[in-house]
Amino acid sequence: GFFQSYAVEVDLKDASNATCLYADWMMRFWIIYESNDGDYKNTTLNLSSNVTHNGSVCGSDTQAALVAVQFGEGHSWSINITKTNETYQGDFITLTYNTNDTAVFPDAKRKGPVTVLVKDSLRPVQLNTVFVCHNYYLIEAENVTQIFWNVTMQAFVQNGTVSKKESRCPADTPTSAPTVPPTTANVTTASTTTLSPAPTTAPKPVENPDTGNYSLKSGNKTCFLATVGLQLNVSQDKPLLININPKTTVADGACGNTTATLKLNDGNSTLIGF
């Protein structure tokens, strides 16, 4: 499915009204919870349009910075960021979701707030450098998968100005080899028959999507394997069929002790999660 997501922007000021911490990002949470009938169900928790950031702290040489946001019916998320002489780094991420929110957890057996604490796995960032990650990356813990994208963040901002020097996440690093364009040297001519000009109208999209093979590894072992053809049927202003092309789709995700998450990301930033 497609879910509405909102961006969060936090621009903290110090005592002199200069920016000391800046963050702009999008996130979503996949949560597995127990229902009243004993079954385990999946739900998606998205940010609402009204997000506050009460309790956020700039930080200093002796105190960690804190980005804290509150949204929806009693949900909150925060990350504390520590500083060394040369770098800053996310330390712990805390998510609290409220199962009393019946729109997200319509039949939850457990009622009230549930808190999940997880260590941030991203590498340190040099001071006076902004961390940027456009692609999706996931953090999984305790039946919750946290998904982040379009992230721009700098803690311990110097002189009140966000740096133009960027540190990119591994997900933004290209991994595929460049495509070699056809030339007369690498194209074999099948015959000398003169070919008709190519049609000027775009060809019709294929009805059935191509089958792709997608897998995840945990260490040296494959922990998730899917062989599947995927087509999205989007109904908004008018129906739209979108075939997922395995040749341009990258598999990512994580395998946990009790859950596994496979996400497929194509060149148009379409995200499908299993």
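Where an unreviewed UniProt entry is consulted, the protein appears under the name Lysosome-associated membrane glycoprotein 2, with the organism given as Regulus satrapa. As its UniProt record puts it under Sequence similarities (unreviewed entry), the protein is described as follows: "Belongs to the LAMP family."

Visitor: Help me understand the overall build of the protein in this model?
Guide: Helix and strand content of the protein: zero helices and 20 strands. Total accessible area on the protein is roughly 16,900 Å²; 50% of this is exposed by carbon and sulfur atoms.

Visitor: Where do I start with the nonpolar core in this structure?
Guide: In this structure, W25, W77, I81, Y88, Y97 and F131 are the most contacted members of the largest nonpolar core, which totals 46 residues. No other element matches the eight residues that strand β2 (residues 19-34) contributes to this core. For I81, the contacting residues outside a window of four places in its chain are L21, A64, A65, V67, Y88, Q89, G90, D91, M153, A155 and F156. Membership of the second largest hydrophobic core comes to eleven residues, among which are Y214, F224, L230 and V234.

Visitor: It is not clear to me how the packing of aromatic side chains should be interpreted in this structure. Could you clarify?
Guide: Aromatic ring pairs are described here by two measures, namely the spacing of the ring centres and the angle between the planes. Evaluation of the coordinates by the stated rule reveals seven aromatic pairs. With centroids separated by 5.2 Å and ring planes inclined at 85°, the aromatic side chains of Y33 and F105 adopt a geometry described as edge-to-face. With a gap of 72 residues between them, Y33 in strand β2 and F105 in the loop between β7 (87-98) and β8 (113-119) connect regions that are remote in the sequence. According to the relative accessible area criterion, Y33 is buried, its value standing at 7%. Pairing Y137 with F148 gives two aromatic rings, centres 5.3 Å apart and planes at 25°, and the pair type is stacked. Residue Y137 is found in strand β11 (residues 137-141), and its partner F148 is found in strand β12 (residues 144-154); the two are separated by eleven residues along the sequence. When its relative accessible area of 16% is taken as the criterion, Y137 is described as buried. By relative accessible area, which is 3% here, F148 ends up buried. Feature note: the residues W25, W77, Y137 and F148 constitute an aromatic cluster, connected by ring pairs. Between K119 and the ring centre of F92, over which it is positioned, the NZ or CZ distance is 4.9 Å.

Visitor: How should I be thinking about the pairing of strand β5 (residues 65-71) in this particular structure?
Guide: Side-chain direction in a regular strand flips from residue to residue, so the side chains alternate between the two faces of the sheet. Among the seven residues of β5, five are classified as buried, and the element is accordingly described as predominantly covered. Relative to β5, strand β4 (residues 51-52) is paired through two bridges, and the arrangement is antiparallel. What sits directly across from V51, in β5, is F71. Direction of pairing for β5 relative to strand β6 (residues 75-83): antiparallel, over a ladder of seven bridges. Within β6, the residue paired with Q70 across the bridge is S76.

Visitor: What is the right way to look at the state of the cysteines in this model?
Guide: Throughout this description, disulfide means a covalent bond between two cysteine sulfur atoms. Taken as a whole and assessed by the stated rule, the structure comprises three disulfides. Note on cysteine connectivity: C20 is disulfide-linked to C58, with sulfurs 1.7 Å apart. Negative torsions about the S-S bond denote left-handed disulfides, and the value of about -50° found for C20 with C58 makes this one left-handed. In this pair, C20 is assigned in strand β2 and C58 in the loop between β4 and β5, connecting sequence segments 38 residues apart.

Rules used throughout
Residues numbered from 1 in each chain as written. Predicted model: local features only at pLDDT ≥ 70, side-chain atom pairs only at ≥ 80, totals over all residues. Heavy atoms only, no water. UniProt positions renumbered as here; feature names shortened; annotations may be inferred. Helix = DSSP H or I, 4+ residues; strand = E, 2+ residues; numbered from the N terminus. Areas by Shrake-Rupley, 256 points an atom, 1.4 Å probe, with all protein chains shown as cover. Core = buried A, V, L, I, M, F, W, Y, C linked by side-chain atoms within 4.5 Å. Buried < 20%, exposed > 50% of the residue type's maximum accessible area, 1.4 Å probe, protein only. Contact = heavy atoms within 4.5 Å. Phe/Tyr/Trp six-rings, centres within 6.5 Å; stacked < 30°, edge-to-face > 60°. Lys NZ or Arg CZ within 6 Å of the ring centre and 35° of its normal. Pairing = 2+ DSSP bridges. Disulfide = S-S within 2.5 Å.

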